[in-house]
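If you want the building blocks of each chain, they are given just below.
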Amino acid sequence: MKVLCITTALLFACYASAQNQQVQSETKTTVTTVKDSDGEKQYVKKENVEQTQDIQFEPDNNSLNKRVADTPVEVTATTQITNPDGTTRTVDMDRSAIYNLNGRDYRIALDASGYSMSADGQKPARLRKTSINTYIYRAKDRTSIGYFDTDGNLVLETYDDKNDKVNVEKYIRAQP
C-alpha cells in the first residue's frame, strides 16, 4: 500500500512539474578593445534575449492531431557588461544609439560605469544612473539631470543661475 501511495505521489509530482512552454534563448557577445595611453583595455558586452511562449492547443475534442493555438511571446532582454578590471554590471535596457539635437548627432554608448555621450570627436560627457531612475549628466562645463522619456528620447534639465529657471533639452533618438 505504501509503494502504491509513493508511486502515485511521484507520478503526480512529475505531471505537475511538466512545462508547457517553448523557450528560445540567444546570446550575442561583443568584445571592444580600447587602446589609450594607459594601455589596452577590453570591454565584454553580452546581450541575452530570451523568448518564452506558452504552448496551448485549440479546443477540438474530435481530433487526435491537435493544432497549437497562437499565444503571446514574452521577450526578456538583459545586457551584461564586464569591465577591464573584472567587475560586471547588468543593464536592463541598453539605450546606446544616435540622438539628435538641433541638427547635430550625438552618440550614446555604454561605458564602464554608465553611458558616455560624444559628438564630433569632442571629449565625451558622462551619464551616470541614480537610484531614482534618472541620470546625472556631467560635461566639461555643466552638470544636468537627465532621463529617458516613454519614446526613448533623452531629456536633460539644467538649472540656470542667472535666470533662476530650468532649461530643458530633448535629444531625439534616431530610428535604426
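Please refer to the structure placed before this passage.
Residues numbered from 1 in each chain as written. Predicted model: local features only at pLDDT ≥ 70, side-chain atom pairs only at ≥ 80, totals over all residues. Heavy atoms only, no water.

**Here we look at the overall build of the chain**
Within the chain, the regular secondary structure consists of one helix and twelve strands. Put simply, the chain runs from its N terminus to its C terminus through helices and strands in the order α-β-β-β-β-β-β-β-β-β-β-β-β. Summed over all atoms, the accessible surface of the chain reaches about 13,400 Å², with 49% contributed by carbon and sulfur. (Helix = DSSP H or I, 4+ residues; strand = E, 2+ residues; numbered from the N terminus. Areas by Shrake-Rupley, 256 points an atom, 1.4 Å probe, with all protein chains shown as cover.)

**Some details on the pairing of strand β12 (residues 165-173)**
Two faces make up the sheet, and in a regular strand the side chains alternate between them. Relative to β12, strand β5 (residues 97-101) is paired through two bridges, and the arrangement is antiparallel. When the bridges of β12 are listed, tyrosine 99 appears paired with arginine 173. Where strand β11 (residues 154-160) lies against β12, seven bridges are found, and the strand directions are antiparallel. Among the inter-strand pairings, leucine 156 is bridged to a residue of β12, identified as glutamate 169. Following β11, the chain reverses through four residues before pairing antiparallel with β12; aspartate 164 in that reversal takes a positive phi of roughly 50°. (Pairing = 2+ DSSP bridges.)

**Things to note about the environment of valine 34**
Looking at the element boundaries, valine 34 is found in strand β1 (residues 21-36). Measuring from C-alpha to C-alpha, the distance between valine 34 and proline 84 comes to 10.0 Å, with 50 residues separating the pair along the chain.

**Points about the nonpolar core**
Counting 20 residues, the largest nonpolar core has Met117, Leu154 and Tyr171 as the members making the most contacts within it. Secondary-structure elements contributing two or more residues to this core are β5, β6 (104-110), β7 (115-118), β8 (125-129), β9 (135-138) and β11. When sequence neighbours within four positions are dropped, the list of residues in contact with leucine 154 reads Tyr99, Ile108, Met117, Leu127, Tyr147, Phe148, Glu169, Lys170 and Tyr171. (Core = buried A, V, L, I, M, F, W, Y, C linked by side-chain atoms within 4.5 Å. Buried < 20%, exposed > 50% of the residue type's maximum accessible area, 1.4 Å probe, protein only. Contact = heavy atoms within 4.5 Å.)

**A look at the pattern of salt bridges**
Summed over the entire model, instances satisfying the criterion amount to seven salt bridges. The partner of glutamate 40 in a salt bridge is lysine 35, and the shortest N-O contact between them spans 4.0 Å. Between glutamate 169 and arginine 142 there is a salt bridge, and its shortest N-O distance comes to 2.8 Å. Of this pair, glutamate 169 sits in strand β12 while arginine 142 sits in the loop between β9 and β10 (143-148), and the two are 27 residues apart along the sequence. (Salt bridge = Lys/Arg side-chain N within 4 Å of Asp/Glu carboxyl O.)

**Re the sheet that holds β11**
Sheet architecture is closed into a barrel: eight strands sit in the order β5-β6-β7-β8-β9-β10-β11-β12, paired in antiparallel fashion. Neighbour-to-neighbour, the strand axes of the sheet open up by a mean angle of 30°, direction not taken into account. (Axes fitted to C-alpha atoms, helices over the stretch in contact; angles between N-to-C directions.)

**Re a nonpolar patch on the surface**
The grouping of Val49, Val73 and Val75 at the surface amounts to a nonpolar patch, some 220 Å² of accessible area in total. Of note, valine 49 is situated in strand β2 (residues 39-54). (Patch = residues over 30% accessible without salt bridge, like charges linked within 9 Å, V, L, I, M, F, W, Y side chains within 5 Å.)

**Details of unusual backbone geometry**
Trans peptide bonds make up the majority, and among non-glycine residues the majority have a negative phi. The backbone of asparagine 102 shows a phi angle near 55°, a positive value even though the residue is not glycine. Secondary-structure assignment places asparagine 102 in the loop between β5 and β6. Exposure remark for asparagine 102: the relative accessible area of 76% places this residue in the exposed category. Its identity is not glycine, yet aspartate 164 carries a phi of approximately 50°, on the positive side. On the basis of relative accessible area, aspartate 164 is assigned to the exposed category, the value being 58%.

Coordinates in, geometry out; function isn't part of it.
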